[in-house]
Amino acid sequence: MHQQYSELPNQPTPSAMQTAITRLFGIQHPLLCPGMSYIATPELVAAVSNAGGLGILATGPLNAEQTRSAIRRIRELTDKPFGIGCTLMMPGAADNAQVALEERAPVINYSLGKGDWIAKAAHAYGGKVLATVVTEKHAKSAEKCGADALLVTGHEAAAHGGSVTSLVLTPAIRRASALPIVAAGGFADGAGLIAALALGADAVAMGSRLAMTRESPVHAATKEMVLQRGAADTLYSKNFDGLWCRMMDTPASRRACRKPLGLLPAAFRASQMARRMGMPVMKVAIGGMLSQPQALRQLALFGAATESIRLAIQEGNHEKGVQLIGQAQGLIDDVPSVAELFARVMADAQACRARIASL
Ligand SMILES: Cc1cc2nc3c(=O)[nH]c(=O)nc-3n(C[C@H](O)[C@H](O)[C@H](O)COP(=O)(O)O)c2cc1C
């Protein structure tokens, strides 16, 4: 049975910690799993939602048909609210967002683009919209576009965190916007959750931490590498996929970041990727070339990076593969189930709150 957003509970489910985000999305804990290509699959999304958080499906490597099947699969695995992530700059992302709207996804999370049309259509059926932002300017613009909440991604984050750390970015955006905030970038435990709430957030999204759970499809060899690395063992570079991006520090990622990938090799690798994803290569390429050559360049770089990301995650290949990971890898030393992790985070958060109250 499909759960329509209008069926989401108006009454918060019982939890020791209700916030503007748990009330908005109808979830039990202020904990989200952000979109992560090849990782935030229907299985992980459903595990997060079933454990009382909000799982967000990554649609970056999916075409429209695959996105529809993935949404239906999530609904087979959970009757709880979930989200669909759309990186609007990626090829096919607008089509995937359209599918999410047609399927009446409870929450749509958009990033790297303008989501006013998504907010309008989602609100028509009672859906909620979460906009990913990395600056105060983005936050104000997302508010104007009709977003219901902000996912604020700080510098510590895996992949495309902003230039400002979560410690400063979260309160800066709290001052700039009245919307509920999900803080992301560097959050992996109960103390992090309490810190985020103290900074003005209403929940945290944990990417690196949830990629290191039993339900996450990350290859065992890659999980082992994360366990062995510390907080400083990441690179932050614009040369990997054309945007500032954080990844695990390995010989392969150093090679990938040495200099920007040329347009021709990027376009070649992107076309291979588009074919693999069943996307109309010529439509994407010619449409992009005629309208926005700069955007085409970015698309080519994203497409080229996607295969390296897949190799590290699905095949544990670190000769050619590059693993996106945040500084929070230094806080991760086990691979629990999602439910075990959430129970621990919430218990530690309560203990942390009590310790501070006793000072
Ligand atoms: C392994 C991994 C893969 C990711 N893939 C993507 C992606 O494909 N697109 C994207 O916008 N963000 C991606 N992210 C970033 C997350 O959406 C989120 O912003 C980030 O993980 C939050 O910071 P944290 O890792 O410190 O929790 C990825 C993160 C991880 C850990």
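None of the values given here were measured: they were computed from a predicted structure.

Conventions adopted
- Residues numbered from 1 in each chain as written.
- Predicted model: local features only at pLDDT ≥ 70, side-chain atom pairs only at ≥ 80, totals over all residues.
- Heavy atoms only, no water.
- Helix = DSSP H or I, 4+ residues; strand = E, 2+ residues; numbered from the N terminus.
- Buried < 20%, exposed > 50% of the residue type's maximum accessible area, 1.4 Å probe, protein only.
- Contact = heavy atoms within 4.5 Å.
- Core = buried A, V, L, I, M, F, W, Y, C linked by side-chain atoms within 4.5 Å.
- Domains from an automatic or database assignment.
- Near = heavy atom within 4 Å.
- Polar contact = N/O pair within 3.5 Å; in protein donor to acceptor, adjacent residues only side chain to side chain.
- Areas by Shrake-Rupley, 256 points an atom, 1.4 Å probe, with all protein chains shown as cover.
- Nonpolar A, V, L, I, M, F, W, Y, C, P; charged D, E, K, R; others polar.
- Patch = residues over 30% accessible without salt bridge, like charges linked within 9 Å, V, L, I, M, F, W, Y side chains within 5 Å.
- Salt bridge = Lys/Arg side-chain N within 4 Å of Asp/Glu carboxyl O.

Novice: Mind laying out the environment of M89, listing which residues take part and the relevant values?
Specialist: Relative to the elements of secondary structure, M89 occurs in the loop between β3 (83-87) and α4 (93-102). Relative accessible area serves as the criterion here: at 32%, M89 is assigned to the partly exposed category. Expressed as a C-alpha distance, the spacing of M89 and S111, which sit 22 residues apart in the sequence, is 8.0 Å. Once residues lying within four places of it in the same chain are set aside, the contact partners of M89 are S111, L112, Q298, L299 and F302.

Novice: Would you mind going over the nonpolar core in detail, with residue names and values included?
Specialist: Grouped together as the largest cluster of nonpolar side chains are 74 residues, with contacts concentrated most on I84, L150, M206, L210 and F342. Considering every element that reaches this core, the biggest residue donor is helix α15 (residues 338-357), with seven residues. Shared between two domains, this core takes at least three residues from each, and those domains are domain 1 (5-218 + 332-357) and domain 2 (230-324). Not counting residues within four places of it along the chain, the set of residues in contact with F342 comprises H29, L31, V48, A51, G53, M206 and L210.

Novice: Can you explain the site of the ligand? Please cite residues and give values.
Specialist: Lining the immediate surroundings of the ligand are 17 residues, of which G35, S37, G186, G207 and S208 lie closest. Between an oxygen atom of the ligand and a main-chain N or O atom of G35, the distance comes to 2.8 Å. With respect to the ligand, the backbone of A158 contributes an N or O atom lying 3.4 Å from an oxygen atom. A total of 600 Å² of accessible area belongs to the ligand in isolation, and the protein chains cover 90% of it. Considered class by class, the residues forming the shell around the ligand number nine nonpolar, eight polar and no charged.

Novice: An account of a nonpolar patch on the surface is requested, with residue identities and associated values reported.
Specialist: Residues V164, L167 and V168 make up a contiguous nonpolar surface patch of roughly 260 Å² in combined accessible area. Structurally, the position occupied by V164 is in the loop between β6 (149-153) and α7 (166-176). V164 gets classed as partly exposed once you look at its relative accessible area, which sits at 31%.

Novice: Just give me the short version of the environment of E315, but keep the residues and values in it.
Specialist: Secondary-structure assignment places E315 in helix α14 (residues 293-315). Taking the C-alpha atoms as reference, E315 lies 8.5 Å from V218; in sequence the two are 97 residues apart. Once residues within four sequence positions are removed from consideration, E315 is found in contact with H219 and R310. Side-chain polar atoms of E315 contact the side chain of R310, separated by 3.1 Å.

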